[in-house]
Amino acid sequence: MSEKPQYGQVVSYIPVKTLNDFYTQKSHVQYIQTLCHGTMMIMDGEVQYSTMDEHRYHYLLTSQTIANKCRNILILGGGDGLAARDLVQCSFIETVTIVDWDEEFVNFCRNLPENRGSLNNPKVKVVYMDALEYLSKNKIKYDSIIFDLPDPDEYDMKKLYLDMLAECIPSLMPNAVITIHTGPASLDENHDAWNFVGQCKKQLDMLGRVPSTFDKVYVPSFSHEWGFITGYLGTTIPKARFRIEDEVLETFYCI
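Residues numbered from 1 in each chain as written. Predicted model: local features only at pLDDT ≥ 70, side-chain atom pairs only at ≥ 80, totals over all residues. Heavy atoms only, no water.

### Some details on the pairing of strand β10 (residues 213-219)
Relative to strand β11 (residues 224-233), β10 runs antiparallel, the two being bridged by seven bridges. If you follow K216 over to β11, its bridge partner there is G227. In textbook terms, the turn of a hairpin is the stretch between consecutive antiparallel strands, and for β10 and β11 this stretch comprises four residues, one of which, S223, has a positive phi near 55 degrees. (Pairing = 2+ DSSP bridges. Helix = DSSP H or I, 4+ residues; strand = E, 2+ residues; numbered from the N terminus.)

Structure representation (structure tokens):
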């Protein structure tokens, strides 16, 4: 089986067993055991995660939120519960709100072993709504907002990310962080994806007193290094992270 073409390539995987394959009102979901990449979640032809390496992606997605000891977190997307899994391990985190528009998908994920029951954790609340609509109506303040949405690989998704960055400002506490994943970070320097990264960084730099940071990690099932940008408001600052290669994440989360 192959992913749909993205970023100038087509990536193929060898399936061993189809564990589930169904359609929600929003998307086509495939949950498949593969020969070399563990169990994979695929939505509308795009790999969402592999159990072999998703911890690498989710560590960078959540590390600055955890390091700055944020307490009330908003995740835009993230209906698989994997980012929430990493957050609820921290004793100081009080609430995690997930905004995902696909209720059927979220309910399927509630019993998946890889999220360790995070979607049923009492700290976690799931709101079934379009993320941009939620931001436009929200009155709650968060000290961390995390973008865990589909890849910004086409014009409409890039525009959505940029619109949400502008719209999320009223939902932020004075001291807060925003982390977004920006797609592959191992593309040719002339690739248009870098223009999108630059636009995101510019918007985030305007929010805080310290420059936003760009980080990346190799995710084998994505066949790329993957990029992340974090913006810092008020007293939040970039914090050093463990090298993902050291695999010491359990220690990191027990704080």
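### Remarks on unusual backbone geometry
Backbone geometry at K69 places phi at a positive 55 degrees, although glycine is not the residue there. With respect to the element layout, K69 can be found in the loop between α1 (54-67) and β5 (72-77). By relative accessible area, K69 is classed as partly exposed at 46%. Positioned with a positive phi, S223 is a non-glycine residue whose angle comes to about 55 degrees. As for its placement among the helices and strands, S223 is situated in the loop between β10 and β11. (Buried < 20%, exposed > 50% of the residue type's maximum accessible area, 1.4 Å probe, protein only.)

### Some points on the sheet that holds strand β1 (residues 15-23)
Ordered in space as β1-β2-β3-β4, the four strands form an open sheet in which the pairing is antiparallel. Pairing within the sheet leaves two strands with one partner each, and these edge strands are β1 and β4 (46-50). Averaged over all pairs of adjacent strands, the angle between their axes in this sheet comes to 20 degrees, without regard to strand direction. As paired elements, strand β3 (residues 39-43) and β4 share four bridges and run antiparallel to each other. Each residue of the ladder has a partner; that of M43, found in β4, is E46. (Axes fitted to C-alpha atoms, helices over the stretch in contact; angles between N-to-C directions.)

### Brief notes about the environment of T24
Among the structural elements, T24 can be located in the loop between β1 and β2 (28-34). Using a relative accessible area of 10% as the deciding quantity, one classes T24 as buried. Along the backbone, T24 and I14 are 10 residues apart, and their C-alpha atoms lie at a distance of 25 Å. Those residues within four positions of T24 in sequence are excluded, and the remaining contacts are V29, D102, E104 and F105. Engagement of the side chain of T24 in a polar contact is seen with the backbone nitrogen of K26, the distance being 3.0 Å. (Contact = heavy atoms within 4.5 Å. Polar contact = N/O pair within 3.5 Å; in protein donor to acceptor, adjacent residues only side chain to side chain.)

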